[in-house]
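Coordinates in review
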Amino acid sequence: MGNVFIGYARICLFAMFILKNLFVYCQDNFIGNVEYELCESMEAVENPCQGDYVQIDSGSPRQLYALRQDYPSCHMALLACDLRKYAAQPVLPDEKLEELKAFLKSAEELNLSVIFRAAYDFDGKYEDPDFSILLSHIRQIADALNPYKHVLAGVQAGMLGAYGEWNQTKYAAPRYRVQVIKEWQNALDPQIAISVRRQLFIREAKEAGLSTDRLGIYNDGLFSSDTDLGTYVGEYGRNSELAWSKEHIKTPFNGGEMPFVSEYTDIANAVKEAGQLQLSYLNRLYNEKVWEYWSAQTYEGVPGDQYIKNHLGARLFVSKMKISKNYRYRRSMFVELELENTGFAALDDGYKAYLLIRYNGKTTESEAEITVQSKERMTVVGGLDNLYYDGAPKEVSIGLKLCKDSGSKGCFFQLANQGNHFASGTNWFWND
């Protein structure tokens, strides 16, 4: 009897030894996460609603195809809608509205993002329309734009003054400017951003009780003089307005053009101010002398013009990944990504995140949660089910998809990671 007891005891001790080692093995190999650090490349990435643009008249949609051919790396167009002929007509003719829709449809087919501006003058011969007619035109134009909100980078408020620049007009009082902003806000889909010519006009809108969350700036005097050709005048000077912009502008829809080379065009200053203004787009052709000036300089070891183009808008890359230990052999796993943004502007609102695992050529995907800590940092956290975990893992990749409007065409975001392979909207940024 004693020998039997001793035998049982030995079996129990052996079993405890096995269980202890199994626990240690599981703890070492299946409990907790492993962490990987990743790097940013210096390559250009092409993302919707940001980059350099070319201005095209709304009556020339065929020029969009020429744009694609002449400037294959350019994926933005400013749609200039000339209303001079209709300044006395409360109702825009159907053919004018159809012209806008045709332009936007062509842009959609070509996967181009559109900046919109309407004005009663595009050649320096401005005459004010009746203000009620101007407001009526805004409502009609907005009805044509709204179905193409996924194509629009945003709407420049325009309408007032020569070239829609809000000067040389009898409607220069704040009450008129506020009314134009209010009309656009009421008429446009809430997802469409709006920009105005000066920071002052955003402050006026806020003082009038309007929301400023989707109001940005279009500055057509960028880096050109101490006031940027009248942009920074009055109570606030240049430095104050730039500091205010960094703190208060909430939308990444900010941009413009650079008419002249000046002391403010120096690449170091241009990069600094572009970040403060949260620039996401610049005119590719006006002024070419500015681009040439930047190309002759370097910034962080990169030609200045290339650096500026590469950092317009948001430029995201995964800097760190945490993933469950031995994830290749697990049916479910945890993934946490830390993303850094080195671009001038924040990522636009409305993006959803999806984590993917590609296992021996087979892919599974699940939605993840985005948490934004600041313009420069965000995290993506989620779980992944690996339906193929019991196979022999020969090739495994982790991917991230960032998309808007349930993956509408052209609304996927490309990361700037070293070795990233961007295909069908997915960033395959890590391979094991």
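For the structure given in this document, a descriptive report is provided here. (Residues numbered from 1 in each chain as written. Predicted model: local features only at pLDDT ≥ 70, side-chain atom pairs only at ≥ 80, totals over all residues. Heavy atoms only, no water.)

With that settled, consider the pattern of salt bridges. The tally for this structure, following the rule as stated, stands at 22 salt bridges. Close ionic contact of glutamate 40 with arginine 315 constitutes a salt bridge, the shortest N to O distance being 2.8 Å. With glutamate 40 in the loop between β1 (33-37) and β2 (51-57) and arginine 315 in the loop between α10 (304-311) and β12 (316-324), this pair connects stretches of sequence that are 275 residues apart. Judged by relative accessible area, arginine 315 falls into the buried class, the value being 1%. Its salt-bridge partner being arginine 238, residue glutamate 273 comes within 3.0 Å of it at the nearest N-O pair. You can see glutamate 273 sitting in helix α8 (residues 267-277) and its partner arginine 238 sitting in helix α7 (residues 238-248), a full 35 residues away along the chain. Pair check on accessibility: glutamate 273 and arginine 238 agree, each one buried. Beyond isolated ion pairs, a larger network of salt bridges with shared partners links Arg117, Glu165, Arg197 and Asp220. (Salt bridge = Lys/Arg side-chain N within 4 Å of Asp/Glu carboxyl O. Helix = DSSP H or I, 4+ residues; strand = E, 2+ residues; numbered from the N terminus. Buried < 20%, exposed > 50% of the residue type's maximum accessible area, 1.4 Å probe, protein only.)

Attention shifts here to the sheet that holds strand β9 (residues 281-283). In spatial order, the strands read β2-β3-β4-β5-β6-β7-β8-β9; together these eight strands close into a barrel with parallel pairing. In this sheet, β9 lies alongside β2 in parallel orientation, the contact comprising three bridges. Paired with tyrosine 53 across the bridge in β9 is asparagine 283. Packed on one face of the sheet, helix α5 (residues 174-187) meets β4 (113-119), β5 (152-156), β6 (194-196) and β7 (215-219) and runs near 170° to β6. (Pairing = 2+ DSSP bridges. Contact = heavy atoms within 4.5 Å. Axes fitted to C-alpha atoms, helices over the stretch in contact; angles between N-to-C directions.)

The complete set of buried residues in α10 reads Gly304, Tyr307, Ile308, Asn310 and His311. Taken down its axis, α10 places every buried residue within 165° of arc, on the same side. Among the structural elements, α8, β9, α9 (288-295), β10 (298-299) and β11 (302-303) are those in contact with the buried residues of α10. Note on α10: the residue one or two positions beyond its end, glycine 313, has a positive phi of about 75°. (Arc of directions from axis to C-beta.)

Here we have nine strands laid out as an open sheet, ordered β1-β12-β13-β16-β15-β14-β17-β19-β18, and antiparallel in their pairing. Lying at the two open borders of the sheet, with one neighbouring strand each, are β1 and β18 (421-423). Mean inter-strand twist for the sheet, computed between neighbouring axes without regard to direction, equals 25°. Pairing between strand β15 (residues 362-372) and strand β16 (residues 377-385): four bridges, direction antiparallel. Across the sheet, residue glutamate 369 finds its bridge partner in β16, namely valine 381.

The next subject is the packing of aromatic side chains. Here the structure, examined in full by the defined rule, presents twelve aromatic pairs. An angle of 75° between the planes, with centres 5.9 Å apart, marks the rings of phenylalanine 223 and tryptophan 294 as edge-to-face. Linking phenylalanine 223 in the loop between β7 and α7 with tryptophan 294 in helix α9, this pair joins segments that are 71 residues apart in sequence. In terms of burial, phenylalanine 223 and tryptophan 294 fall into one category: buried. Geometrically, the ring pair formed by tyrosine 351 and phenylalanine 413 is edge-to-face, given 5.9 Å between the ring centres and 85° between the ring planes. (Phe/Tyr/Trp six-rings, centres within 6.5 Å; stacked < 30°, edge-to-face > 60°.)

Okay, the nonpolar core next. Formed by 69 residues in total, the largest nonpolar core has its most connected members in Leu64, Leu83, Phe116, Leu134, Ile141, Trp166 and Trp184. Per-element accounting of this core gives the leading share, eight residues, to helix α4 (residues 131-145). In this structure phenylalanine 116 touches Leu79, Cys81, Leu100, Ile141, Leu145, Leu152, Gly154, Val155, Gln156 and Trp184, once residues within four positions along its chain are discounted. Grouped together as the second largest cluster of nonpolar side chains are 29 residues, Tyr351, Ala353, Ile398 and Leu402 included. (Core = buried A, V, L, I, M, F, W, Y, C linked by side-chain atoms within 4.5 Å.)

What follows deals with the packing of α9 against α10. For the pair α9 and α10, the least separation of the axes is 5 Å and the interaxial angle reads 110°. Relative to α10, the element α9 lies roughly perpendicular. Contacts from Trp291, Trp294 and Ser295 in α9 reach Gly304, Asp305, Ile308 and Lys309 in α10. Split by residue class, the contact of α9 with α10 holds three nonpolar, two polar and two charged. (Parallel < 35°, antiparallel > 145°, perpendicular 65-115°, else oblique. Nonpolar A, V, L, I, M, F, W, Y, C, P; charged D, E, K, R; others polar.)

For threonine 212, the position within the fold is in the loop between α6 (199-207) and β7. Threonine 212 gets classed as buried once you look at its relative accessible area, which sits at 15%. Apart from the residues lying within four places of it in its own chain, the contact partners of threonine 212 are Ile202, Ala205 and Lys206.

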